[in-house]
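Working through the structure, step by step
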Amino acid sequence: MLALNAEVNPRRCRMLGLAGSVALMTGGLTAGALPVRDALLPSSGRAALGLVCAYFGLVLLIAAWWWLGRAVRGPRPPTPRALLVTLGMWAAPLVLGPPLFSRDVYSYLAQGAMVQARMDVYVHGPAQLGGPLATEVAPVWQHTPAPYGPVFLFVAGKTSVLTRLDMPAGILGMRLVALLGVGLMIAFLPSLARRCGVDPSAALWLGALNPLVLLHLVAGAHNDALMLGLLGAGLVAALGAMPARAAVLVSLAALVKAPAALGLLAVAVLWSGALRGRGRTARAAALTGAVALATTVVVTALAGTGYGWLGTLSTPVSADNWSLTSGLGRLSGALLDGVGSGLGDLAVPAWRRLGLVVTVLAVSWLWLRRAHRTRLGPVYALALSLLAVFALGPAFRPWYALWGLFLIAAAAPDGRVRRWASVGSGILALGMLPSGSPPDGAQLTFAVAGGALALVTLWWMFLMSEPAVLPARTRTAS
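Residues numbered from 1 in each chain as written. Predicted model: local features only at pLDDT ≥ 70, side-chain atom pairs only at ≥ 80, totals over all residues. Heavy atoms only, no water.

1. Remarks on the overall build of the protein
Looking only at helices and strands, the protein has 19 helices and zero strands in total. Referenced to the eigenvectors of the C-alpha coordinate spread, the extents of the protein come out at roughly 65 × 55 × 55 Å. Relative to its full complement of 478 residues, the protein shows a buried share of 55%. Pairs at least 24 apart in sequence give 73% of the contacts found in the protein among residues at least 6 apart. For the protein, the accessible area works out to roughly 21,000 Å², and carbon and sulfur atoms hold 67% of it. Of the side-chain charges in the protein, 35 are positive and 14 negative, and the distance between the mean point of each set is 16 Å. (Helix = DSSP H or I, 4+ residues; strand = E, 2+ residues; numbered from the N terminus. Buried < 20%, exposed > 50% of the residue type's maximum accessible area, 1.4 Å probe, protein only. Contact = heavy atoms within 4.5 Å. Areas by Shrake-Rupley, 256 points an atom, 1.4 Å probe, with all protein chains shown as cover. Lys, Arg positive; Asp, Glu negative; His and termini not counted. Charge placed at Lys NZ, Arg CZ, Asp CG, Glu CD.)

2. A few points about the nonpolar core
Of all hydrophobic cores here, the largest spans 143 residues; its most connected members are L231, L382 and L407. With 15 residues, the top contributor of residues to this core is helix α2 (residues 45-72). (Core = buried A, V, L, I, M, F, W, Y, C linked by side-chain atoms within 4.5 Å.)

3. Observations concerning a nonpolar patch on the surface
A contiguous nonpolar surface patch, about 450 Å² in accessible area, is contributed by W66, W420, V423 and I427. Of all the elements, helix α18 (residues 416-429) adds the most residues to the nonpolar patch, at three residues. With respect to the helices and strands, the residue V423 is situated in helix α18. (Patch = residues over 30% accessible without salt bridge, like charges linked within 9 Å, V, L, I, M, F, W, Y side chains within 5 Å. Salt bridge = Lys/Arg side-chain N within 4 Å of Asp/Glu carboxyl O.)

4. Details of unusual backbone geometry
Unlike most non-glycine residues, F101 shows phi in positive territory, near 70 degrees. Within the fold, F101 resides in the loop between α3 (80-96) and α4 (104-116).

5. Remarks on helix α10 (residues 224-239)
An ideal rise of 1.5 Å per residue puts 22 Å on 16 residues; α10 measures up with 22 Å between its terminal C-alpha atoms. Of all 16 residues in α10, 15 are buried; the element is thus mostly enclosed. Directly beyond the C-terminal end of α10, a positive phi value near 65 degrees is found at A241. (Expected span 1.5 Å × (residues − 1).)

6. Regarding the packing of aromatic side chains
Counting across every chain of the model gives eight aromatic pairs. Note on Y108 and Y148: the rings are 5.6 Å apart at their centroids and 75 degrees apart in plane angle, and the pair reads as edge-to-face. Of this pair, Y108 sits in helix α4 while Y148 sits in the loop between α5 (131-135) and α6 (150-160), placing them 40 residues apart in sequence. Like Y148, Y108 is buried. On the basis of an interplanar angle of 35 degrees and a centroid distance of 5.4 Å, the ring pair of F390 and F396 is categorised as tilted. Under the relative-accessibility criterion, F390 is labelled buried at 12%. Between R73 and the ring centre of W205, over which it is positioned, the NZ or CZ distance is 5.7 Å. (Phe/Tyr/Trp six-rings, centres within 6.5 Å; stacked < 30°, edge-to-face > 60°. Lys NZ or Arg CZ within 6 Å of the ring centre and 35° of its normal.)

7. Observations regarding helix α11 (residues 243-254)
Relative to the 16 Å expected for 12 residues at 1.5 Å per residue, α11 spans 16 Å between its end C-alpha atoms, a close match to the ideal helical length. Packed against the buried residues of α11 are α10, α12 (263-274) and α13 (280-303).

8. Some thoughts on the packing of helix α7 (residues 167-195) against helix α17 (residues 402-411)
When two helices pack together, their arrangement is given by the angle between their axes and by how far apart the axes lie. Packing of α7 against α17 leaves a shortest axis separation of 8 Å and a crossing angle of 40 degrees. One way to sum up the angle between α7 and α17 is to call them oblique. Within the contact between the two elements, α7 uses M185, L189, L192 and A193 and α17 uses F406, L407 and A410. Among the residues forming the contact of α7 with α17, the class breakdown is seven nonpolar, no polar and no charged. (Axes fitted to C-alpha atoms, helices over the stretch in contact; angles between N-to-C directions. Parallel < 35°, antiparallel > 145°, perpendicular 65-115°, else oblique. Nonpolar A, V, L, I, M, F, W, Y, C, P; charged D, E, K, R; others polar.)

9. Looking at the pattern of salt bridges
Counting across every chain of the model gives three salt bridges. For R103, the salt bridge is made with E136, and the minimal N-O distance between the two is 3.1 Å. With R103 in the loop between α3 and α4 and E136 in the loop between α5 and α6, this residue pair connects regions lying 33 residues apart in the sequence. The same class applies to R103 and to E136, which are both buried.

As structure tokens, then:
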């Protein structure tokens, strides 16, 4: 077997990840989140083979990313430019393939079409739209109002026009919007990392080449990419002594998805540092709030969507959601029903409310701690706050972890937090089927078979040919 301290060849990791990405895309052609007219029965042979192929590629991609992380931490780490080339190669097959791991892209297009038709997306679900596009939306969201802000709905509305040509054009349009967000993340992540004292290559590895970015922002085309890109741009502006611009950008991020509003805390803290005199904290908070309010009013007026999203922020909570609080609620409910208390139905709502209270307390504690210990900078405090929202919130989706992981990559010092973030990313990347639907026993078997085949392939490849290490005499940094 390979020595644990062997130097990793980034170029070999690049090719291994490319092979994984191609296999994942190929498997997605029959097992992905396909349009209804193209979807196969999960029990069909082609769908089963596609699932095996997809999980085979997924495990290869995660392994390539993990070994590339060893190269980044090694004596001759790859440059940021080399990492971006690797990211482009890994992402290219996924851009050309079908949606993976979620059907949310169809919801985006349907909600955008509703905006174009002047329907109130904060009152009605896609079922109100009707027609072929609405049938693509997952049944659980058919009657669910949109939880997104006016910035995203405006963009989705313009993009949905492409579906009048055909569905692939609409999907590609939404994917290009997501790629715009990923591009912003990549553009501002190195600068954000330098300002926070973190190596840009390490930040790109964890925050941009992360499998969760590839699977859910690129392949899944989630609007979290646009939110994170605008948030990163705003934080760089705040650290660069442009607080008003920062407040506008972070507000725009929050008008894509609401969790980004926590970024205004970081803007206010950094703005207060640029002020002089007494009461600068209160003045900075007031200025940040005023800019955010003005941005919200102007953007909402231009988009014409109204403020209904403020009342639909709990929309992502589906009945079968397995967040931490929902899981504890179901367990408690079963115990209460078991003793005949008749209170079982109250358990899940109670635990979700408790989770929200604990989240508020955790976020408050983090920012109070930041005020007394300067080692916890505002970007790092924001990262931990967003992770708390992900972990304790009422809804659980693997890509929600990127809210905090993106900023952990930029601001967390080398140590335990970064290690746990990388381990968690690899685990979460395995947590969903390519179709985005809940798995049955047979599908789990095929997924495990694909992953096991990848592990056997990796074992054989590294044992027999040792392609991931460089001889001592020819060590180079790609």
